[in-house]
Protein chains: 2
Amino acid sequence: MLVSVPTKNDINSAYERIKPFIHQTPVLTSKLLNNRFNSELLFKCENFQKAGSFKSRGAVNAISLLPKAILKKGVATHSSGNFAQALARAASILNVPSFIVMPENAPQVKVEAVREYCGNITFCKPTLSAREETLEKVIEKTGASEIHPYDNYDIIAGQGTSTLELCRDYPNIDTILCPVGGGGLISGTALSAAYFGKGIEVIGCEPIGADDAFKSLRAGKIIPSIFPITIADGLLTSLGERNFPIIQKYVSDIVTVSEDSMLEAMQLVYERMKIVIEPSSAVPLAALIENKIDVRNRKVGIILSGGNVELAKISF
Amino acid sequence: MLVSVPTKNDINSAYERIKPFIHQTPVLTSKLLNNRFNSELLFKCENFQKAGSFKSRGAVNAISLLPKAILKKGVATHSSGNFAQALARAASILNVPSFIVMPENAPQVKVEAVREYCGNITFCKPTLSAREETLEKVIEKTGASEIHPYDNYDIIAGQGTSTLELCRDYPNIDTILCPVGGGGLISGTALSAAYFGKGIEVIGCEPIGADDAFKSLRAGKIIPSIFPITIADGLLTSLGERNFPIIQKYVSDIVTVSEDSMLEAMQLVYERMKIVIEPSSAVPLAALIENKIDVRNRKVGIILSGGNVELAKISF
């Protein structure tokens with residue numbers, strides 16, 4: 001279990017550790033999108049990852065590192081989203097119980113997914129304090145270990161393995177664009193870009209309605225989102241304490257995008273690439289649509305973070 | 001140019017001919033869907049094919065076989081859908097003009113796609129007679145050769161190459177499920193299954209609102225759809241004269257499905273497999289949802305025919 005910022009060796013070790021339990025996700029390209037943005041776009045498809053998002057990487061890594069005596073009591077978290085599924089799946093692989101606190105308004109499809117992976121769900125009111133209190137009670141009762149979805153170095157090292165794969169397969173990437181929520185993905189991405197790439201610029205992309213990372217980077221301190229509103233339900237969380245310093249050191253910039261651009265980007269990916277992504281994954285392409293980042297003549301990795309979307313809530 | 005039912009050798013030749021110009025499409029699987037239907041489902045992803053559907057296979061094959069003197073005057077067809085794009089693309093590859101008659105109510109996204117491939121579009125009223133008359137005039141003026149989208153042996157041989165790939169990569173398939181429109185895909189599929197498989201049963205799947213193949217197979221003669229209504233816009237056409245006898249000889253059965261089941265099947269594929277398919281592609285899985293076909297403990301190829309969908313028209 002890591003107690004400081006993951007090194008190159010830590011991310012390499014994480015990769016070897018989780019490799020048997022995750023997909024090496026494909027990289028897709030689109031001539032049409034390359035022409036439109038006058039660059040070479042490399043879409044890293046974590047939407048095809050196990051449990052439907054990059055979260056499986058960190059979850060498997062973090063759980064695998066728990067001492068056996070602790071692990072057997074299980075793991076716990078509160079999540080309405082992708083981390084719930086990823087943790088439940090990771091626990092089921094290692095044959096230990098998982099305890100997931102979910103808000104009672106969590107989407108049915110996500111509740112079902114957690115159940116498929118044999119997660120023990122406790123429902124609570126949909127507030128952060130109710131979630132935290134309920135989780136505390138669950139942990140008291142079960143003795144399970146809490147795994148934080150992003151403010152955790154083992155999680156960060158695991159999320160970095162996606163960009164490890166990307167840099168290994170495409171050694172000359174100039175820029176990587178990555179969505180920003182709590183900062184687990186982008187901090188791992190930025191570390192891997194620094195360790196495994198050659199002078200890669202990493203840019204975070206955030207919905208304007210949940211722009212805490214944008215503000216925090218400019219203020220030099222964490223400024224949490226108070227009432228974040230965006231269809232990108234994976235990006236509502238605010239930056240974690242372990243994530244922010246990594247972002248300060250390794251991320252070149254954070255840009256923000258509108259909801260309309262996100263929808264346009266989603267539609268482009270669905271219609272042109274024929275793949276399903278969740279709104280959070282559309283944020284980097286939305287930044288290109290808004291001309292927020294100059295990628296002309298550059299080789300650009302774009303992390304498609306996940307594909308767990310409630311289709312009924314999306315109208316194109 | 002073939003003048004009779006394609007032989008095994010004809011389909012092999014078609015494959016060698018078109019291989020440089022098409023994708024060898026991937027086969028995807030889903031544990032969840034395998035468990036649900038208690039079978040091994042192999043999804044042949046023609047939604048990832050060039051120009052977004054299997055139609056590229058037949059179009060490239062048919063055009064490549066035209067004598068050069070004829071070819072240079074170009075090719076023509078009337079189509080509101082996937083064949084328009086596929087033919088325009090195939091013509092652009094061979095550097096010859098394409099003339100596409102499209103109904104004035106054709107979806108904007110499909111019009112744009114044809115334009116991207118440099119197709120010359122002539123719009124007409126959205127009736128079959130207007131389409132045929134306009135096409136006749138275009139051909140008179142340009143000297144272009146009409147390529148029928150399905151009632152053409154070279155097209156049939158080309159469409160069969162998808163199942164050639166499938167049988168080569170999965171030699172022990174028991175059953176292949178395939179959507180039925182004009183019959184180009186299923187006649188090619190059934191021939192390839194007979195030539196390259198081992199006792200494969202081929203079953204056609206049709207929307208109940210466009211069930212001409214279902215009725216025709218039972219009546220022993222072609223019974224065209226009069227007012228077909230279905231969201232599966234690729235399946236509105238009625239069987240072609242060259243297609244029907246092949247279906248009679250090589251297809252075991254045709255089953256029909258409801259619109260609701262198609263939508264449910266589409267949603268399953270989007271949410272679970274994270275890929276975008278058009279409604280026509282959802283018909284075989286809809287047949288499994290309706291328990292129309294017993295696939296228990298069988299290895300089942302499912303042809304996902306295309307991915308060109310107007311997302312605005314789909315509401316899950």
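Residues numbered from 1 in each chain as written. Chains lettered and ligands numbered in written order. Predicted model: local features only at pLDDT ≥ 70, side-chain atom pairs only at ≥ 80, totals over all residues. Heavy atoms only, no water.

Caption draft 1: Fine view of the interface of chain B and chain A. Taken together, the 23 residues of chain B in the interface contact 22 residues of chain A. When the two sides are added together, the surface that chain B and chain A hide from each other amounts to roughly 1800 Å², 57% of it contributed by carbon and sulfur. Where chain B meets chain A, there are eight residue pairs in polar contact (both at pLDDT 80 or more). For the side of chain B that touches chain A, the secondary-structure elements that each account for two or more residues are helix 2 (31–37), helix 6 (108–116) and helix 13 (259–273) of chain B. Here the residues of the side of chain B that touches chain A sort into eleven nonpolar, five polar and seven charged. (Contact = heavy atoms within 4.5 Å. Buried area = accessible area lost by both parts, 1.4 Å probe. Polar contact = N/O pair within 3.5 Å; in protein donor to acceptor, adjacent residues only side chain to side chain. Helix = DSSP H or I, 4+ residues; strand = E, 2+ residues; numbered from the N terminus. Nonpolar A, V, L, I, M, F, W, Y, C, P; charged D, E, K, R; others polar.)

Caption draft 2: Spatial organisation of the relation of the copies chain B and chain A. When chain B is fitted onto chain A, the two copies agree to an RMSD of 0.0 Å after a turn of 180° and an axial shift of 0.0 Å. When the rotation and shift are considered jointly, the pair of chain copies conforms to a two-fold rotation axis. No C-alpha of chain B approaches the rotation axis more nearly than that of B:Ile275, which lies at 2.1 Å. (Least-squares fit on C-alpha atoms with pLDDT ≥ 70 in both.)

Caption draft 3: Broad picture of the packing of helix 5 (residues 82–93) of chain A against helix 6 (residues 108–116) of chain A. All names here are of chain A. One way to put it is that helix 5 packs onto helix 6 with a least axis distance of 8 Å and a crossing angle of 10°. Looking at the two axes, helix 5 sits roughly parallel to helix 6. Contacts from Asn82, Ala84, Gln85 and Ala88 in helix 5 reach Lys110, Ala113 and Val114 in helix 6. Its residues assigned to classes, the contact of helix 5 with helix 6 shows four nonpolar, two polar and one charged. (Axes fitted to C-alpha atoms, helices over the stretch in contact; angles between N-to-C directions. Parallel < 35°, antiparallel > 145°, perpendicular 65-115°, else oblique.)

Caption draft 4: Quick look at the packing of aromatic side chains. If you walk through the whole model with that rule in mind, you get four aromatic pairs over all chains. Summarising the aromatic geometry, the rings of A:Tyr195 and A:Phe196 are spaced 6.3 Å apart at their centres and angled 90° between planes, so their arrangement reads as edge-to-face. (Phe/Tyr/Trp six-rings, centres within 6.5 Å; stacked < 30°, edge-to-face > 60°.)

Caption draft 5: The confidence of the model for chain A, seen in detail. Looking at chain A, the pLDDT average stands at 96 and 100% of residues meet or exceed 70. Interface scoring of the predicted complex returns ipTM 0.93; its pTM is 0.94. (pLDDT = per-residue confidence, 0-100.)

Caption draft 6: Representation of a negative patch on the surface in the model. Residues and elements named next belong to chain A. Taken together, the side chains of Glu132, Glu133, Glu136, Glu140 and Glu146 define an acidic patch exposed on the protein surface. In terms of residue count, the dominant contributor to the negative patch is helix 7 (residues 128–142) (four residues). Considering the arrangement of structural elements, one finds Glu140 in helix 7. Under the relative-accessibility criterion, Glu140 is labelled exposed at 69%. (Patch = residues over 30% accessible without salt bridge, like charges linked within 9 Å, V, L, I, M, F, W, Y side chains within 5 Å. Areas by Shrake-Rupley, 256 points an atom, 1.4 Å probe, with all protein chains shown as cover. Salt bridge = Lys/Arg side-chain N within 4 Å of Asp/Glu carboxyl O. Lys, Arg positive; Asp, Glu negative; His and termini not counted. Charge placed at Lys NZ, Arg CZ, Asp CG, Glu CD. Buried < 20%, exposed > 50% of the residue type's maximum accessible area, 1.4 Å probe, protein only.)

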